[in-house]
Amino acid sequence: MSSVRFQNLDKLRGFAAMSVLVYHVIEIMNWTDFPTQGVNVWWRIGWMGVNLFFVLSGFVIYFSAYTLKERYGQSWGRVYATHRFARIAPLYFLTLLVFSVLVLPALLFIPPVDLALQFFTHVFFVHNLLPSTQGAINGVNWSIGVEMQFYVFVFLCLGWLQRVSIDRVLIVLCSVACFWKAAIFLFFPADQRWFLTTQLPGTLDEFAFGIAACKLILEQKLAIAPTWMHRWWRVILAIASLWLMFTIFWMEGNYWNSPWMVIFFRTLMAFSGATLILAVITIPEHWWMASSKPFDYLGKISYGVYLWHLPVILSLKTLGLATGVPYLTAVIVGTLLLAAFSYHMLESPWIERARKAG
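Draft legend 1. Geometry of the packing of helix H1 (residues 9-28) against helix H2 (residues 48-72). One can describe the packing of H1 onto H2 by two numbers: an axis separation of 8 Å at closest approach and a directional angle of 150°. When the axis of H1 is compared with that of H2, the two are roughly antiparallel. In this structure, the crossing between H1 and H2 has a hand that is left-handed. Seen from H1, the contacting residues are Leu9, Leu12, Arg13, Ala16, Ala17 and Val20; seen from H2, they are Gly49, Val50, Leu52, Phe53, Leu56, Phe59 and Val60. Among the residues making up the contact of H1 with H2, the classes are represented as 11 nonpolar, 1 polar and 1 charged.

Draft legend 2. Just the confidence of the model for the protein, in detail. Summary statistics for the protein give a mean pLDDT of 92 and a share of 94% for residues scoring 70 or more. Element-level pLDDT for the protein is lowest in helix H12 (residues 289-300), with a mean of 79, against a maximum mean of 98 in helix H7 (residues 166-187).

Draft legend 3. Local environment of the layout of surface pockets. What the largest pocket holds in volume is close to 1,400 Å³. Residue lining of the largest pocket: 43 residues in total, with Arg13, Val60, Arg84, Arg87 and Arg355 positioned closest to the centre. Those elements giving two or more residues to the lining of the largest pocket turn out to be H1, H2, helix H3 (76-103), helix H6 (142-163), H12, helix H13 (302-317) and helix H14 (325-357). Top element by residues in the lining of the largest pocket is H2. It accounts for 14 residues. Residue classes in the lining of the largest pocket are distributed as 22 nonpolar, 11 polar and 10 charged. Every residue lining the second largest pocket is counted, 33 residues in all, and those nearest its centre are Leu12, Phe15, Leu52, Leu242 and Leu276. Every element with two or more residues in the lining of the second largest pocket is listed here: H1, H2, helix H10 (228-251), helix H11 (259-280) and H12. Ranked by the residues each element gives to the lining of the second largest pocket, the list is headed by H11, at 8 residues. Looking at the lining of the second largest pocket residue by residue, the classes come out as 23 nonpolar, 7 polar and 3 charged.

Draft legend 4. The pattern of salt bridges, seen in detail. For the coordinates displayed, the defined rule picks out 7 salt bridges. Here Glu219 ties to Lys215 by a salt bridge, and the two come within 2.7 Å at their closest N and O atoms. Residue class for Lys215 comes out buried when judged on its relative accessible area of 0%. Residues joined in a network through salt bridges with shared partners are Asp10, Arg13 and Lys300.

Draft legend 5. Spotlight on the state of the cysteines. Inspection of every chain in the model, using the stated rule, returns 0 disulfides. A disulfide-free cysteine, Cys174 has its sulfur positioned 6.2 Å from the sulfur of Cys178, the nearest such atom. Classification of Cys174 as buried rests on a relative accessible area of 11%.

Draft legend 6. Summary view of the side chain of Arg193. Structurally, the position occupied by Arg193 is in helix H8 (residues 190-197). We note that Arg193 is buried and unpaired, the nearest opposite charge coming from Asp191 at a distance of 7.5 Å. What Arg193 contacts, discounting residues up to four positions off in sequence, is Ile184, Phe185, Phe188, Trp256 and Asn257.

Draft legend 7. How the structure looks around helix H4 (residues 112-123). Here H4 spans 16 Å end to end across 12 residues, near enough to the 16 Å set by a 1.5 Å rise per residue. Of the residues making up H4, those classed as buried are Gln118, Thr121 and His122. The buried side chains of H4 occupy one side of the element, clustering within an arc of 95° when seen end-on. Summarising the geometry of H4, the exposed residues directed more than 90 degrees from the buried face are Pro112, Val113 and Phe119. In this structure, the buried side of H4 is in contact with H3 and helix H5 (131-134). A positive backbone phi angle near 60° is found at Phe125, which sits one or two residues after H4.

Draft legend 8. Spotlight on the packing of aromatic side chains. All told, the structure shown has 25 aromatic pairs when counted by the stated rule. With centroids separated by 5.8 Å and ring planes inclined at 80°, the aromatic side chains of Trp42 and Phe246 adopt a geometry described as edge-to-face. Of this pair, Trp42 sits in the loop between H1 and H2 while Phe246 sits in helix H10, and the two are 204 residues apart along the sequence. Clustering of aromatic rings is evident, with ring pairs tying together Trp47, Phe249, Trp250, Tyr255, Trp256 and Phe265. Sitting over the face of the ring of Phe185, Arg193 holds its NZ or CZ atom 4.1 Å from the ring centroid.

Cut-offs applied
Residues numbered from 1 in each chain as written. Predicted model: local features only at pLDDT ≥ 70, side-chain atom pairs only at ≥ 80, totals over all residues. Heavy atoms only, no water. Axes fitted to C-alpha atoms, helices over the stretch in contact; angles between N-to-C directions. Helix = DSSP H or I, 4+ residues; strand = E, 2+ residues; numbered from the N terminus. Parallel < 35°, antiparallel > 145°, perpendicular 65-115°, else oblique. Left-handed = near helix turned anticlockwise from the far one by under 90°. Contact = heavy atoms within 4.5 Å. Nonpolar A, V, L, I, M, F, W, Y, C, P; charged D, E, K, R; others polar. pLDDT = per-residue confidence, 0-100. 1 Å grid on protein atoms, 1.4 Å probe; cavity = no way out; pocket = protein on both sides within 12 Å on 5 of 7 lines; lining within 4 Å. Points joined across faces, edges and corners; volume = space filled by probe spheres on them. Salt bridge = Lys/Arg side-chain N within 4 Å of Asp/Glu carboxyl O. Buried < 20%, exposed > 50% of the residue type's maximum accessible area, 1.4 Å probe, protein only. Disulfide = S-S within 2.5 Å. Lys, Arg positive; Asp, Glu negative; His and termini not counted. Expected span 1.5 Å × (residues − 1). Arc of directions from axis to C-beta. Phe/Tyr/Trp six-rings, centres within 6.5 Å; stacked < 30°, edge-to-face > 60°. Lys NZ or Arg CZ within 6 Å of the ring centre and 35° of its normal.

Take a look at the structure:
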């Protein structure tokens, strides 16, 4: 199984990254005449791309930890930590530096105590835990803190995750997440609920469904290359779960004042994301081999797309460009160029170095 490459997941990564990019252009630039009907309405809720990233991380990180432990035995943790740091840290620190110096240099002139707090929390990936640091430097970085804390969770709990059944993983982790979100809803006002529910306890259900999907494959309860009939059943299940998710979302007008939405909706999103993953990874590559190569590449540079897009949006905003398709096009081109450059010049060399060291 260590040689398996879930190629189609790159397509989902690329789609998730572009969803967040377009969503932020719409919101930050107050693009009021952006379509509110049809398929393009998805981009207005593109923040859901982050939640898809979390489900994907649950799948990929559990698979990585599982296969590393199978290969390296007791020393797997060192290799795991090296690989995760090499994948996340170099570009993360580079974009922090660029944002602080070029996009918002006023950060460098805040009181020394506050600057030290920003430095410490961002260096150790705990900036998401405090309101004053969570969105201070390149606001999308809050999710990187959650990701790194999830990596630590997998490192500490891999033995348990391997031993217990899939339903036990889902019951325990989803219960923790839902109880956390219920407590937040009961004891905190609406304007604090997003910050608190996006901490790791509140996102465990999203990671859990990714882990469960991976366990289905690893424990051979679900074939990687199923028959035609079983493959289409997975596609139908994914479509049905996504339809249910979107229907419920559009029916509920006030998300943060609804206990059902705050507590359970992201769990439903996670289930939909897992069904989508299981459907996509079993679609044969030859169906769309030629036309899908650009989407595979977009997935490879998706981490750069995610980290670079906000600095590009804010930088172009200072130029006073009119909101609309030309502005969105400029953001996409600038982001893709930076993401491709950083992938080949920074990310890929670090990843390869860590792979050779491991």
